Amino acid sequence: SFSLQHTLPPLLKRTASSNRRVCIQSCFSSVSYHKFVDFALDETSLHTHLLSSPLQEKYSSMKSKDGKGVLNMLSFQADKIRLLRSMTIETETMQVLDFTVFPKAEYDVPIFCANFFSTAKTNIVVLDLNPLHDIINQDDYKEKYFKSLMPLGLKYAEHFPWGGKLTSESITFFSPIVIWTKFTSSPQNYDILYSAFRDYYKVWLELIATAVKETDGYQISHNLEAQHRYLTWRAETDPGQGVLKKLIGDTLAKDLLRSLLFNGVDELGSKTFNDYFPHYHGEEGTLNKKGGIAGKSFENRPWDASGKFLGQ
Ligand code: BLA
């Protein structure tokens, strides 16, 4: 395995740069998320040794059904990282970044989450260190990871207005420093978004770098179940699903969601969506209906400046 590790860095470089080359983005659109991914990979490599994931062979690049769009996927693992994966989508009308890093179950570090959906006019953005455990009721976990980060969250909360009502479960996956926002497309806004992405990612890398490996079996399985619950939530309810299905068809979209983006949902646990979210069913119909806001909440940012939850 020693010699294998030594052959990997060049491979990594080639993957990243060939992905840059297949970019077909029109020269009029104002954002490309490739530099976000490049930054994250470079920055991660300063801290740890990234190994290409076995998933990379199957998921690298894909064209949309109409041949006009391209999806680029990257996946890695590392000492403390079960899976770092990214997907960018570029079509004539939209740019998407879906970048998530899942720590191994021996660490209770938050899950890094960047989901950006952009069109010529508007942007839907979630950038967060998604807490692994309940931060609304579990103060020790909140204190451990988020207390010192509140100034960072406040800095960007000034620039990016709260994105409005969202599916009420989502808030329990978000931290007090979440950037949940919608904004109009402009070079300035993309600059600030890039700056936020870099700040949040650097902070996350510090958290994982300093995290101490858990040895208590009970705590590890607690972390594992929280990871699985998170995967189950996202694989089932991802608001990008509709877009993905349109681009590459139902079968491929489902495979991409379960095998790459939320890899582990079928392996890391046996509980089902209904086990984890027994009250969700009533909302399912309204969630899928355009414009239905039943089951959605939080018109305004539900945390105060100190990170106290203001919702019910
Ligand atoms: C909308 N995306 C949303 C919304 C949220 C998120 C909260 C608002 C609507 C809602 O609450 O359902 C994102 N929700 C998240 C994230 C978590 C969560 C990151 O719970 C994590 C725990 N978005 C993507 C990708 C695409 C995408 C990959 O991440 C496209 C391929 C598109 N998101 C997208 C679109 C909307 C949206 C089109 C608006 C349409 C809608 O509201 O259904």
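Residues numbered from 1 in each chain as written. Predicted model: local features only at pLDDT ≥ 70, side-chain atom pairs only at ≥ 80, totals over all residues. Heavy atoms only, no water.

Undergrad: Explain the pattern of salt bridges to me, and be specific about the residues and the numbers.
TA: Inspection of the entire model under this criterion finds eight salt bridges. Close ionic contact of D255 with K58 constitutes a salt bridge, the shortest N to O distance being 3.5 Å. Linking D255 in helix α10 (residues 250-261) with K58 in helix α3 (residues 55-58), this pair joins segments that are 197 residues apart in sequence. Judged by relative accessible area, K58 falls into the exposed class, the value being 57%. Among the salt bridges present, the one from D98 reaches R85, with a minimum N-O distance of 3.0 Å. Separated by 13 residues along the polypeptide, D98 in strand β5 (residues 94-103) and R85 in strand β4 (residues 81-90) bring together distant segments of the chain. Summarising the burial analysis for this pair, D98 and R85 share the class buried. (Salt bridge = Lys/Arg side-chain N within 4 Å of Asp/Glu carboxyl O. Helix = DSSP H or I, 4+ residues; strand = E, 2+ residues; numbered from the N terminus. Buried < 20%, exposed > 50% of the residue type's maximum accessible area, 1.4 Å probe, protein only.)

Undergrad: Could you give an account of the site of the ligand, naming the residues involved and the relevant values?
TA: Inspection of the region around the ligand gives 21 residues, with N115, T167, S170, W180 and W233 positioned closest. A distance of 2.5 Å separates an oxygen atom of the ligand from a polar atom in the side chain of N115. Elements with a contribution of two residues or more to the shell around the ligand: β5, β6 (111-119), β7 (122-130), β8 (166-167), α6 (170-173) and α8 (217-237). With three residues, β6 is the largest single contributor of residues to the shell around the ligand. Here the shell around the ligand is built from residues that sort into 13 nonpolar, four polar and four charged. (Near = heavy atom within 4 Å. Polar contact = N/O pair within 3.5 Å; in protein donor to acceptor, adjacent residues only side chain to side chain. Nonpolar A, V, L, I, M, F, W, Y, C, P; charged D, E, K, R; others polar.)

Any functional reading would require information beyond the geometric quantities listed.
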